[in-house]
Amino acid sequence: MNTPQTRYGNDLEAIARRARDLLAGTARWRILVEQTDTLGCLVRRGVLQPPERSARRAVLITVEEQGALGYGATTDLSADGLAQAVERARRMAAVLPARRLGAGLPADATDPVPAFVEPWADHVDMTLAERIEWLHDLEIAMAIDDRIHSRIALLETTRRERVLLDQSGREQRQIWRLCQAGLRAVAVGADGSQWRSHEHSFQGPATPEQLAALDFTRERAAALSRDALALLDAPECPTGTRDLILLPEQMTLQIHESIGHPLELDRILGDERNYAGWSFVRPEDFGTLQYGSPQLNVLFAPDEQGEFASYACDDEGLPARRTHLIRGGLLERPLGGARSAARAGLEPVACTRATSALRPPIDRMANLNIAPGEQSLGELIGGVEHGVLLGQNRSWSIDQRREKFQFGCEWGRLIEDGELQGLVRNPNYRGRTLPFWHSLDGVGSADTFQVLGLGNCGKGEPNQSIGVGHASPACRFRGIEVFGGAA
């Protein structure tokens, strides 16, 4: 089996131009051509699961007619296939003007957008044989005790290339190398099971050196099993109101669910209420709503190299620029692409993305990061009289307006009088979004900052699963409702 880099040729621009020639006479249009290669491997309990390989080329034709958009997507890149996609887009656009909700294609760009080509072209991903050996090595390292009933090691890589061409003549080429790796050790005892995980989603090569730098080592794998075994004998997390310190591995989900999704402008406008949900945020809240404490600074950073959702422009051609969504706790702007921002009368950000060229682009998070503060982790802990430190998400629940949430973590450690105490199992916490972020009173310094991400953010009908990046320091929250598994 070849590595993912060698499957296809380099003719996406030629395909886009053939489709362009079929759009003669159409004033406003956009063409997105994509090729994707994915290879995933997983070892469970010493057994290699069948490697999963997928490869696809597709084209999305978008046509605007009287402000309404029509789409035609195809994996048939022949002249007939492209012509049929163009015709479907034209037919859809022709019947929608009377029913359209929002704005048409964004205005022609005036700023040049550089190509986004992954900078790791000289680094060769592991071959399939090398991946299998690497996964087995880490999986075996977790087998330290008969009570470790399940051991999982996985690695998935994707090479994605896209070419965007529009009626202004602009041609944009982007290439990504996406990598997701994970380890999990599950221990089973008399009172149930406990597990510990280590996960990373990033842009870069899948080499042993790169993955070792992210702590995918035999030592870390064995430590996960030891931690899972220790959780079997740990006491339940106490129930009550305590201060809370979240490490970046849990902050990832906290940012994602209680900042990212509520600020997606298409949710705020109601587009997603039938499936992914709505938002408690209103269009008039931007510029006026104090979302959190003055220590809360949230950046939309699609230009952050190496983070999982970095790019030069979104899938409607809007150039990626770093900007604050929340500054000093004040809500400044939404995650709204050009079309939804035009509907709401707000400034757009480059966040309109499609999971593939077979789906229309919609508002999505990209890299959404909390800026570091000045306190070390020791100083954050030292300022807590009664609290708990939590890491690695285990479960989550949040209402469809993103107002109330309940999250569980794989592990916790009590804090008493400014000192870390013992391990606790089944730690959970709950809160309401705005009071929770207002309770933020300590933001960790750069040495607590960690870049992570999620590979499976779901949204859209039909569903579009897409990767996002989140980076955060450790953060301290005051007076949070905490409880254990028996509560």
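Every value quoted in this text rests on a predicted model; they were computed, and no experiment measured them. (Residues numbered from 1 in each chain as written. Predicted model: local features only at pLDDT ≥ 70, side-chain atom pairs only at ≥ 80, totals over all residues. Heavy atoms only, no water.)

## As for the UniProt feature "domain: Metalloprotease TldD/E central" (unreviewed entry) in the protein
Heads up, the condition is: UniProt positions are given in the numbering used here, feature names are shortened, and annotations may be inferred rather than shown by experiment. The way it works is that DSSP assigns letters per residue, a run of H or I at least four long becomes a helix, a run of E at least two long becomes a strand, and they are numbered from the N terminus.
Cross-referencing UniProt, the feature "domain: Metalloprotease TldD/E central" (unreviewed entry) maps to residues 125-215 in the present numbering. Secondary structure across residues 125-215 comprises 22% helix and 55% strand; the distance between its end C-alpha atoms is 18 Å.

## Brief notes about helix α1 (residues 12-21)
Applicable threshold: Between buried and exposed lies partly exposed: a residue is buried under 20% and exposed over 50% of the maximum accessible area for its type, with that area taken using a 1.4 Å probe on protein chains only. Working note: the arc is built from the helix axis to C-beta atom directions. The contact definition used throughout considers only heavy atoms, calling two residues in contact when any of these lie within 4.5 Å.
Restricting attention to buried positions, one finds in α1 the residues Leu12, Glu13, Ile15, Ala16 and Ala19. Considered in projection along α1, the buried side chains sweep an arc of 160° and stay on one side of the axis. Structurally, α1 contributes buried residues whose contacts are with β1 (29-44), β3 (52-65), α2 (79-95), β6 (148-166) and β7 (171-189).

## A look at the pairing of strand β19 (residues 428-432)
Applicable threshold: The pairing criterion for strands is at least two bridges between them, as found by DSSP.
Both strand β17 (residues 404-416) and β19 contribute to a ladder of 5 bridges, which runs antiparallel. Paired with Phe407 across the two strands is Tyr429, which belongs to β19. Of the pairings in the sheet, the one linking β19 to strand β23 (residues 475-483) comprises 3 bridges and is antiparallel in character. When the bridges of β23 are listed, Arg430 appears paired with Glu481.

## Let's talk about the nonpolar core
In plain terms, the rule: The set of buried Ala, Val, Leu, Ile, Met, Phe, Trp, Tyr and Cys residues whose side-chain atoms join them within 4.5 Å is what this entry labels a nonpolar core. What marks off one domain from the next here is an automatic or database domain assignment.
In terms of nonpolar packing, the biggest core is built from 58 residues, with Leu244, Leu263, Tyr291, Tyr429 and Phe477 touching the most fellow members. The residues that make up this core include at least three from each of domain 1 (12-233) and domain 2 (240-483). Within the second largest apolar cluster, 29 residues are counted, among which are Leu128, Met142, Ala187 and Leu224.

## Some points on the pairing of β17
One ladder, built from 11 bridges, connects strand β16 (residues 386-398) with β17; its direction is antiparallel. The residue of β17 that forms the bridge with Asn393 is Cys409. Where β16 hands over to β17, the hairpin turn is made up of 5 residues, of which Arg402 adopts a positive phi near 65°. The sheet contact formed by β17 and strand β18 (residues 419-424) spans 4 bridges and is antiparallel.

## Details of the domain arrangement of the protein
Using the following cut-off: What gets called buried area is simply the loss in accessible area from a 1.4 Å probe that two parts show on being joined, summed for both. When a carboxyl oxygen of Asp or Glu is within 4 Å of a side-chain nitrogen of Lys or Arg, the pair counts as a salt bridge. In protein, a polar contact means a hydrogen-donor-capable atom and an acceptor-capable atom, both N or O and within 3.5 Å, with residues adjacent in sequence counting only if both atoms are side-chain atoms; elsewhere, any N or O pair within 3.5 Å suffices.
Domain boundaries in the protein define domain 1 (12-233) and domain 2 (240-483). Each of domain 1 and domain 2 has a C-alpha centre, and these two points are 21 Å apart. In this complex, domain 1 contributes 49 residues to the contact, which on the side of domain 2 involves 41 residues. Between domain 1 and domain 2, a total of about 3500 Å² is buried, with carbon and sulfur atoms accounting for 56% of that surface. The largest share of the area that domain 1 buries against domain 2 comes from Trp195, Ser201 and Leu231, three residues that together contribute 14% of it. Our count for the domain 1 to domain 2 interface comes out at 4 salt bridges. A salt bridge links Glu410 to Arg196, with the nearest nitrogen and oxygen atoms 2.8 Å apart. At the surface where domain 1 touches domain 2, the tally comes to 18 residue pairs in polar contact (both at pLDDT 80 or more). Those elements giving two or more residues to the side of domain 1 that touches domain 2 turn out to be β1, β3, β4 (68-74), β6, β7, β8 (192-203) and α5 (218-233).

## So, the packing of aromatic side chains
This is how it is decided: Pairing of aromatic rings covers Phe, Tyr and Trp, the last counted by its six-membered ring, and requires centre-to-centre distances within 6.5 Å; plane angles under 30 degrees mean stacked, over 60 mean edge-to-face, and any other angle means tilted. Two limits define a charge over a ring: the Lys NZ or Arg CZ must be within 6 Å of the ring centre, and within 35 degrees of the ring normal.
Under the counting rule described, the total for this entry stands at 10 aromatic pairs. When the ring of Phe436 is compared with that of Trp437, the centres are 5.6 Å apart and the planes differ by 85°; the resulting orientation is edge-to-face. Accessibility assignment for this pair places Phe436 and Trp437 in one class, buried. Taken together, Phe405, Phe407, Tyr429, Phe436, Trp437 and Phe477 form an aromatic cluster joined through their ring pairs. Taking the ring centre of Trp278 as reference, the NZ or CZ of Arg273 above it sits at 5.2 Å. One Lys or Arg, Arg430, reaches over the ring of Phe483 and ends 4.0 Å from the middle of that ring.

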